[in-house]
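# Observations on the three-dimensional arrangement
Given next are the chains, with one letter for each unit.
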Amino acid sequence: MGDLCPLIDELLEALRRQGGFAYAALVKLAESGDRNAAEEIYEMSWEQLHSGPWNEVHSAWRDAFSLACLLLSNCIERQTVDVVDQRLKYLDMGIIMGGLLFRSHLEFAVSAAQGSRQSQPEIRPLASNARRDFFPPPSEADAVNWDEEDHRRRLYLENLKDLPPSTVRQTRVRTRFLPSLETFAREFFGPGQPVVITGAMADWPAKSRWKDIQYLRRIAGNRTVPVEIGEHYLAAGWKQELMTVGELLNRICSPDIDSTNRPYLAQYSLFEQIPELNKDIVVPDHCGLGGGEMKSINAWFGPAGTVTPLHQDPHHNILAQVVGQKYVRLYSPSYSSQLYPFPEFMLRNSSQVDLDRPDFMKFPDFENLRGMEFILEEGDMLYIPPKWWHYVKALSPSFSVSFWWAVASPECSD
Ligand SMILES: O=C(O)CCC(=O)C(=O)O
Ligand SMILES: [Fe+2]
């Protein structure tokens with residue numbers, strides 16, 4: 001723990017400046033490094049982390065939480081049966097909820113813990129009802145032509161009943177097979193028009209690897225991640241839970257999923273936490289356009305039926321559909337007032353209109369609004385320009401990756 005000392009001193013100084021009772025406990029911890037002190041800090045910082053809005057939690061408390069996780073993971077007795085799993089649990093908690101001060105120590109400890117597993121047998125047995133490959137290839141017999149002009153945009157009959165109703169015929173999105181960067185920039189990026197890019201994911205290792213449950217279990221099965229539970233983030237009863245990827249896979253394969261317990265690993269920086277999965281994806285060249293910077297690369301992984309309600313984001317977005325299919329509805333930002341954004345500041349980028357159960361009495365301007373609707377197929381990339389409203393529903397178990405980037409102009413700096 002020698003190299004931790006300067007960082008602990010830095011943390012102590014930050015907390016001392018903040019004042020409060022934690023300082024004394026941390027001094028004790030720094031001096032003793034014993035388990036009781038680590039537990040004390042864990043509990044104190046956990047309480048602070050949950051004491052108010054996330055962005056108001058002082059960063060020193062997040063760092064204190066990371067440190068406690070790091071120390072506690074080190075305290076797991078070697079004789080413990082699932083010592084690696086328990087260590088990883090603490091380390092992942094530190095990575096997910098903690099600050100950045102001890103991040104590299106946490107990551108190093110993850111590698112060390114995993115290295116020590118080499119000789120141990122494979123993780124957990126599959127749930128009895130789980131199929132090995134839970135993404136069976138679509139059968140032609142189940143498919144209907146979705147659009148006369150575009151036979152590839154098919155819809156699976158069994159899912160038709162679950163799609164959001166439309167009162168007007170929505171328009172199609174434009175589709176391009178492997179457009180050059182120049183074409184993409186001129187026709188879509190520049191004018192701010194969405195497009196489905198096909199054929200651009202052939203070199204993604206993820207395309208074959210992520211269909212295999214055993215692969216995901218092997219790489220990430222015992223890693224803890226934050227999972228959303230419920231219909232969607234605006235619905236009553238929605239919550240977040242920490243669980244391992246193994247547990248998430250069991251739930252995705254379970255026949256008992258309904259809107260109250262549907263899990264969704266949504267908008268999560270999985271590839272920072274698990275760099276091995278990062279090797280399976282390829283950052284699209286498009287994300288360099290505009291000379292700006294990558295804002296975030298997020299995973300979206302869940303069973304059929306996950307919904308992301310109608311909302312807009314401030315960044316350029318390439319949503320890459322790695323496994324499965326998703327139904328997408330898009331509306332231009334020029335229709336924002338007809339989409340009735342929530343008045344509350346925190347929700348102002350979400351529409352009050354529930355696309356699955358639209359209330360035309362309450363939101364009359366929405367009734368005849370024309371958007372785009374289509375199926376995002378496996379291997380497709382959807383470009384969503386900044387501020388375009390989007391609603392997304394998975395039609396099968398699905399794994400997508402979003403790339404958000406900003407251009408080097410004041411309009412998108414946040
Ligand atoms: O795939 C989803 O469920 C939503 C994706 C999304 O909202 C985004 O990439 O910004
Ligand atoms: Fe979004």
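Quick note: structure is the one above.
Rules behind the numbers
- Chains are numbered independently. Their residues run from 1 in the order of the written sequence.
- Written order determines the labels here, with chains lettered from A and ligands numbered from 1.
- Per-residue local features of the predicted model are confined to residues with pLDDT of at least 70, and side-chain atom pairs are confined, for both listing and counting, to 80 or more; whole-chain, interface and lining totals are unaffected and use all residues.
- To obtain the side-chain values, all non-hydrogen atoms of the structure were used and water was disregarded.
- When two rings of Phe, Tyr or Trp (its six-membered ring) have centres within 6.5 Å they constitute a pair, described as stacked for plane angles under 30 degrees, edge-to-face for angles over 60, and tilted for the intermediate range.
- Over a ring means this: the NZ of a Lys or the CZ of an Arg is within 6 Å of the ring centre and within 35 degrees of the ring normal.
- Donors, by definition, are the N, O and S atoms found within 2.8 Å of a metal, the threshold being 3.2 Å for Na, K and Ca, and water is not counted, so a site can look incomplete.
- Helix and strand labels come from DSSP, where a helix needs a run of H or I of at least four residues and a strand needs a run of E of at least two; each type is numbered from the N terminus.
- Under this scheme, a helix contributes an axis fitted over its contacting stretch, all axes are lines through C-alpha atoms, and angles between N-to-C directions fall in the 0 to 180 degree range.
- Under this scheme an angle from 65 to 115 degrees is roughly perpendicular, one under 35 degrees roughly parallel, and one over 145 degrees roughly antiparallel; angles in between are oblique.
- It is the rotation of the near helix from the far one that decides the hand of a crossing: anticlockwise by less than a right angle makes it left-handed, clockwise makes it right-handed.
- Pairs of residues are marked as contacts when any of their non-hydrogen atoms sit within 4.5 Å.
- As a working rule, the residues Ala, Val, Leu, Ile, Met, Phe, Trp, Tyr, Cys and Pro are called nonpolar, Asp, Glu, Lys and Arg charged, and the rest polar, with Gly in that last group.
- For salt bridges, the criterion is a side-chain nitrogen of Lys or Arg within 4 Å of an Asp or Glu carboxyl oxygen.
- The pairing criterion for strands is at least two bridges between them, as found by DSSP.

Within the structure shown, the criterion is met by 19 aromatic pairs. Members of the aromatic cluster, each reached through a chain of ring pairs, are Phe184, Phe188, Phe189, Tyr383 and Trp405. We note Arg348 situated over the ring of Phe345; from NZ or CZ to the ring centre the distance is 4.0 Å.

Here the focus is the coordination of the iron ion (ligand 2). Those protein atoms acting as donors to the iron ion (ligand 2) are His311 (NE2), Asp313 (OD) and His390 (NE2), and they sit at 2.1 Å. Of note, the donors binding the iron ion (ligand 2) are all from one chain and are spaced H-x1-D-x76-H. Remark: His390 occurs in strand 14 (residues 389–394) and Asp313 occurs in the loop between strand 9 (307–311) and strand 10 (316–323); sequence separation between them is 77 residues.

Turning our eyes to something else, we now look at the packing of helix 5 (residues 83–97) against helix 6 (residues 103–115). One can describe the packing of helix 5 onto helix 6 by two numbers: an axis separation of 10 Å at closest approach and a directional angle of 160°. Classified by the angle their axes make, helix 5 and helix 6 are roughly antiparallel. The crossing of helix 5 and helix 6 is left-handed. Counted together, Val84, Arg87, Leu88, Leu91, Gly94 and Ile95 of helix 5 and Arg103, Leu106, Glu107, Ala109, Val110, Ala113 and Gln114 of helix 6 form the full contact between these two elements. Split by residue class, the contact of helix 5 with helix 6 holds eight nonpolar, two polar and three charged.

For the rest of this paragraph, the subject is the pattern of salt bridges. This structure, assessed with the given rule, holds 15 salt bridges. Notably, a salt bridge pairs Arg103 with Glu107, separated by 2.8 Å at the nearest N-O pair. Of this pair, Arg103 and Glu107 both sit in helix 6, separated by four residues, roughly a single helical turn. Arg251 serves as the salt-bridge partner of Glu247, at 2.9 Å between the closest nitrogen and oxygen.

Below, the discussion takes up the sheet that holds strand 15 (residues 398–406). Adjacent strands of a sheet form backbone hydrogen bonds with each other and so pair up, either parallel or antiparallel. Strand order in the open sheet formed by nine strands is 3-4-13-10-15-8-7-5-6, with mixed pairing between adjacent strands. Each having just a single partner strand, strand 3 (174–177) and strand 6 (239–244) make up the two edges of the open sheet. Going from strand to strand, the sheet's axes swing by 25° on average, the running direction of each strand aside. In this structure, strand 5 (residues 224–229) lies alongside strand 6, joined through six bridges in antiparallel fashion. Its bridge partner lying in strand 6, Glu228 is registered against Gln240.

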